[in-house]
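# Residue-level structural notes
The lines below spell out each chain.
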Number of protein chains: 2
Amino acid sequence: MRRKNYHHGHLKNALISAGIEILSKEGLAGLSIRKVAKKAGVSHAAPYAHFADKQALIAAISAEGYRRLYDELSSAVESHRDNPQQMLVEVGWAYIQFAMKDPEHFKTMFSGVIEQEKDYPEFREMSQKSFELLVTLVRDCQEAGFLISGSADMVSISLWSLVHGFVLLLLESQISHKLLERMSVRTMLIFLLNGITKKGIEVTEIELPTSRV
Amino acid sequence: MRRKNYHHGHLKNALISAGIEILSKEGLAGLSIRKVAKKAGVSHAAPYAHFADKQALIAAISAEGYRRLYDELSSAVESHRDNPQQMLVEVGWAYIQFAMKDPEHFKTMFSGVIEQEKDYPEFREMSQKSFELLVTLVRDCQEAGFLISGSADMVSISLWSLVHGFVLLLLESQISHKLLERMSVRTMLIFLLNGITKKGIEVTEIELPTSRV
DNA sequence: GCACTATCTTGACGGCGTCAAGATTTGGGT
DNA sequence: ACCCAAATCTTGACGCCGTCAAGATAGTGC
């Protein structure tokens, strides 16, 4: 892991890791190639051996984010194979927790990359994988009969839009403070999901003041 | 309107206008104080007489965005005072059109400003006004009996999250191309809204290939 | 062991945000 | 009418930034 001589060895990954750290501490505006390079222990132009430009580094950081998000969503699915209804809640909850754990990384994934017609294949591939996971989940829920009917693609977009929009409004402090005092984020999620499920989802957990996020 | 002598006269507004133009053409990354100053015809440090730093300029640009968004939403409401159901659709549609007309400006409004504990009063005030417009609309729809029941605040957040998330995914090209070929954005909006209304919303307009957005 | 390629360093360029010092204008109080 | 304080704008400077070109160094295949 240490830098011995001229060559680093795993510089590309080191740069991505350093970038994620800086991003989460200082935000996208504070992320610079030179800082990333310094953190990885190389000179200021070394990153250009691995990334065409700053955009490409941000794309790689975003792709890594999608990889982590996919893992979180997957394990939420695995933990509730038997109960599609709870699975839906837990996947939504995992999405929200992922976003709140590292808001800057999450926001960058969805607003820092796509410009012009440049293509970042790994980026698009990982994002597609997550969406397919959601579509499968929706189909299960529809077969179980408690989710609204309609094209699974469109229902998936509904769910994704709903949770994605909600967490972004949350991160941008657009959800009123008063509301957040009365209700935990998880309860809000359940309210949101209840809106587009046929049968209501039970609020199984009593909301305690200490559990508020 | 012209620059005659030393003093500009309406520099603050000129800077905001210039900023919006640059933002919409070159994106947030391409927005610099120096470019804005040049476009307004003043020296590179002149903006500092009106804005504490770049953040403050971006906040002002965002606040102006909220002002315009509020106008759009208001006139959508005014046009359909008699029919709450259609009003809901048209307000959502106005939101989407606003975002698609100037994506960079819209995205900046929701992801460029809030950092640390800084407060930009006009920014928050305009955003709150728009939300209150939505809450009023929701109450009307609930009284008309076709929107799901529950706290008007929470239902408003549901609707806002849904449409906001959807349009952001759209702008970030996260909605699959195949889907967009089969369905217009307006039809998708109606599908989304159908999910959380009691009675379905009629798709009154036949979707023609040429009307696809 | 040699040539080729990938990787990394050094140095330079213009653009950036920001600040300090000074010039110019405006406006209120007398 | 005048003066002075405040507001507004210019000029010049600083360090940081993204990027590129030239060159140094290390690994790789023959």
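Residues numbered from 1 in each chain as written. Chains lettered and ligands numbered in written order. Predicted model: local features only at pLDDT ≥ 70, side-chain atom pairs only at ≥ 80, totals over all residues. Heavy atoms only, no water.

### A few points about the overall build of chain A
From N to C terminus, chain A includes 9 helices and 0 strands. Each helix (α) and strand (β) of chain A, taken in turn from the N terminus, gives the series α-α-α-α-α-α-α-α-α. For chain A, the proportion of its 213 residues judged to be buried stands at 52%. Once local pairs closer than 6 in sequence are excluded, the contacts in chain A between residues at least 24 apart make up 64%. On chain A, roughly 10800 Å² of surface is accessible, and the fraction owed to carbon and sulfur atoms is 51%. (Helix = DSSP H or I, 4+ residues; strand = E, 2+ residues; numbered from the N terminus. Buried < 20%, exposed > 50% of the residue type's maximum accessible area, 1.4 Å probe, protein only. Contact = heavy atoms within 4.5 Å. Areas by Shrake-Rupley, 256 points an atom, 1.4 Å probe, with all protein chains shown as cover.)

### Here's the deal with the confidence of the model for chain A
On average, chain A scores 88 in pLDDT, and the residues at 70 or more come to 87%. This model gives residues 206-213 of chain A a pLDDT under 50, and the stretch forms 8 contacts once residues within four places in sequence are excluded. (pLDDT = per-residue confidence, 0-100.)

### Re the packing of aromatic side chains
Per the counting criterion, the structure on display carries 12 aromatic pairs over all chains. Both rings, one in Y66 of chain A and one in F110 of chain A, keep their centres 5.6 Å apart while their planes meet at 70°; by these two values the pair is edge-to-face. With Y66 of chain A in helix α3 (residues 54-78) and F110 of chain A in helix α5 (residues 103-111), this residue pair connects regions lying 44 residues apart in the sequence. In this structure, Y66 of chain A and F110 of chain A share a single accessibility class: buried. Arranged with centres 5.3 Å apart and planes meeting at 90°, the rings of Y66 of chain B and F123 of chain B form a pair that is edge-to-face. Pair noted here: Y66 of chain B is in helix α3 (residues 54-78) and F123 of chain B is in helix α6 (residues 121-144), with a separation of 57 residues, a long-range link. On the basis of relative accessibility, which here comes to 1%, the residue Y66 of chain B falls in the buried class. Classification of F123 of chain B by relative accessible area gives buried; the value is 2%. (Phe/Tyr/Trp six-rings, centres within 6.5 Å; stacked < 30°, edge-to-face > 60°.)

### Quick word on the side chain of T108 of chain B
Residue position: T108 of chain B is located in helix α5 (residues 103-111). Not counting the four nearest positions on each side in its chain, T108 of chain B is found in contact with L23, L28, I58, S62 and V113 of chain B.

### Things to note about the environment of L193 of chain B
All names here are of chain B. Structurally, the position occupied by L193 is in helix α9 (residues 185-196). Overall, L193 belongs to the buried group, its relative accessible area being 2%. In this structure, the C-alpha to C-alpha distance between L193 and F51, residues 142 residues apart in sequence, is 40 Å.

### Digging into the relation of the copies chain B and chain A
For the pair chain B and chain A, the superposition axis carries a translation of 0.0 Å, the fit reaches an RMSD of 0.0 Å, and the rotation angle comes to 180°. Expressed as an axis order, the relation between the two copies is that of a two-fold axis. (Least-squares fit on C-alpha atoms with pLDDT ≥ 70 in both.)

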